Amino acid sequence: MNIILLGPPGAGKGTQAQFLVEALGMVQLSTGDMLREAKDSGTEMGKLVADVMSRGDLVTDEIVIGLIKEKLDGEKGAGFIFDGFPRTLAQADALGKLLNDCDIKLDSVIEIQVDDKALIKRIAGRSTCGGCGQVYHDETKPWPSDGKCSSCGSADVKRRADDNEESLKQRLMEYYKKTSPLLGYYFAKGNLVSINGLLSMEEVRDSLKKVLS
Ligand code: AP5
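Basis of the calculations
- Residues numbered from 1 in each chain as written.
- Predicted model: local features only at pLDDT ≥ 70, side-chain atom pairs only at ≥ 80, totals over all residues.
- Heavy atoms only, no water.
- Pairing = 2+ DSSP bridges.
- Helix = DSSP H or I, 4+ residues; strand = E, 2+ residues; numbered from the N terminus.
- Axes fitted to C-alpha atoms, helices over the stretch in contact; angles between N-to-C directions.
- Contact = heavy atoms within 4.5 Å.
- Expected span 1.5 Å × (residues − 1).
- Buried < 20%, exposed > 50% of the residue type's maximum accessible area, 1.4 Å probe, protein only.
- Left-handed = near helix turned anticlockwise from the far one by under 90°.
- Nonpolar A, V, L, I, M, F, W, Y, C, P; charged D, E, K, R; others polar.
- Near = heavy atom within 4 Å.
- Polar contact = N/O pair within 3.5 Å; in protein donor to acceptor, adjacent residues only side chain to side chain.
- Areas by Shrake-Rupley, 256 points an atom, 1.4 Å probe, with all protein chains shown as cover.
- Core = buried A, V, L, I, M, F, W, Y, C linked by side-chain atoms within 4.5 Å.

Caption draft 1: Summary view of the sheet that holds strand β1 (residues 3-6). Sheet architecture is open: five strands sit in the order β2-β3-β1-β4-β8, paired in parallel fashion. Sheet topology places β2 (27-30) and β8 (192-196) at the edges, where each strand pairs with a single neighbour. On average, each strand axis in the sheet is tilted by 25° relative to the strand beside it, whichever way the strands run. Bridge count for strand β4 (residues 108-113) against β8 is five bridges, and the pairing is parallel. By the bridge assignment for β8, E111 is matched with S194. Contacts from helix α1 (residues 13-24) reach β1, β2, β3 (80-83) and β4 within the one sheet, and its direction differs from that of β3 by about 170°. Together, β1, β4 and β8 form the strand contacts of helix α9 (residues 201-212), whose direction differs from that of β8 by roughly 155°.

Caption draft 2: Looking closely at the sheet that holds strand β6 (residues 135-137). Strand order in this open sheet of three strands is β6-β5-β7, and the pairing throughout is antiparallel. If you trace the sheet from one side to the other, it starts and ends with β6 and β7 (157-158), each paired once. Examined bridge by bridge, strand β5 (residues 126-129) and β7 share two bridges and lie antiparallel to one another. Counted as the bridge partner of T128 is K158 from β7.

Caption draft 3: Expanded view of α1. A rise of 1.5 Å per residue sets the reference length of α1, with its twelve residues, at 16 Å; its end C-alpha atoms lie 16 Å apart and thus fit the reference within 8%. Within the span of α1, buried status applies to K13, T15, Q16, A17, Q18, F19 and L20. Each element contacted by the buried residues of α1 is listed here: β1, β2, β3, β4, β6 and α9. Remark: G25 follows α1 within two positions and exhibits a positive phi of approximately 70°.

Caption draft 4: Molecular detail of the packing of helix α2 (residues 31-40) against helix α3 (residues 44-55). It is at 8 Å that the axes of α2 and α3 come closest, and there the two elements cross at 115°. As for the relative orientation of α2 and α3, their crossing is left-handed in sense. Contacts between α2 and α3 pair G32, L35, R36, A38 and K39 from the former with M45, G46, V49, A50 and M53 from the latter. For the contact of α2 with α3, the residue count by class is six nonpolar, two polar and two charged.

Caption draft 5: Quick peek at the site of the ligand. Around the ligand, the surrounding shell holds 36 residues, and the nearest of these are T15, D57, R87, R126 and R171. Backbone polar atom of G12 to an oxygen atom of the ligand: 3.0 Å apart, as the coordinates give it. Against a free-state accessible area of 1,000 Å², the protein chains account for coverage of 96% of the ligand. Those elements that place two or more of their residues in the shell around the ligand are α1, α2, α6 (116-124), β6 and α9. With four residues, α2 is the largest single contributor of residues to the shell around the ligand. Looking at side-chain class alone, the shell around the ligand contains 15 nonpolar, twelve polar and nine charged residues.

Caption draft 6: Structural view of the nonpolar core. In this structure, I68, F82 and Y186 are the most contacted members of the largest nonpolar core, which totals 31 residues. Elements with a contribution of two residues or more to this core: β1, β2, α2, α3, α4 (61-74), β3, α5 (89-101) and α8 (181-189). Once residues lying within four places of it in the same chain are set aside, the contact partners of Y186 are I4, P86, A92, L95, L106, V109, N191 and L192. Counting 19 residues, the second largest nonpolar core, distinct from the first, contains L20, A118, I123 and L208.

That is the geometry; function is a separate question.
Structure below.
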């Protein structure tokens, strides 16, 4: 199975992608994670995108399409989860071409629906493990009381630089202006399935599993 997880910032794309990686051995391709990695390791591209990301704007199509192309050429597994890509119509067209060239079929585009108020709460409480990228939340999935990540044992708790009110407003604006048109695009192609992202993490995971089976 090859799927796209679509949804606004904080909808739970990364959380659900992690479930699918663990349960089904799928390969998560998160452009956000790839860009943060480039930023943290101080590459030229990372320096170029750092300000754009912290403002909450989108990075250029050229950069993210290049990142995905590189991964598609190298990765193998029980299917790809595109997490946070595509985010513009140009990226969606480019992904269609890349998949066609690699003879990969896109099975579903799954929209995780969450209202804006819940998104703000989710973003404000989010932390991530610096060791393995496991996503936590102060209320719904707190960091373990022994101070160590339940997945890898690291004690490195990270908060994202763009998880603040101002950047979030801009990220939401970018989503509604540039990414939400993809819902119509994939509906017209016959790929779109929407699930309720306001349920608990486990319930959302079960809805996803149903779609995949
Ligand atoms: P990116 O990293 O993709 O961020 P995003 O789309 O804003 O999404 P998030 O990672 O914030 O949220 P998520 O949906 O994964 O939610 P999560 O599972 O963490 O992109 C960052 C930046 O990179 C962009 O702003 C842009 O600059 C750039 N970029 C990336 N891709 C790009 C592209 N293709 N083109 C151009 N630029 C690009 O969950 C959030 C919180 O909620 C967590 O704490 C979690 O524990 C909690 N939670 C999750 N599910 C539930 C639930 N069901 N109930 C209660 N709590 C929950």
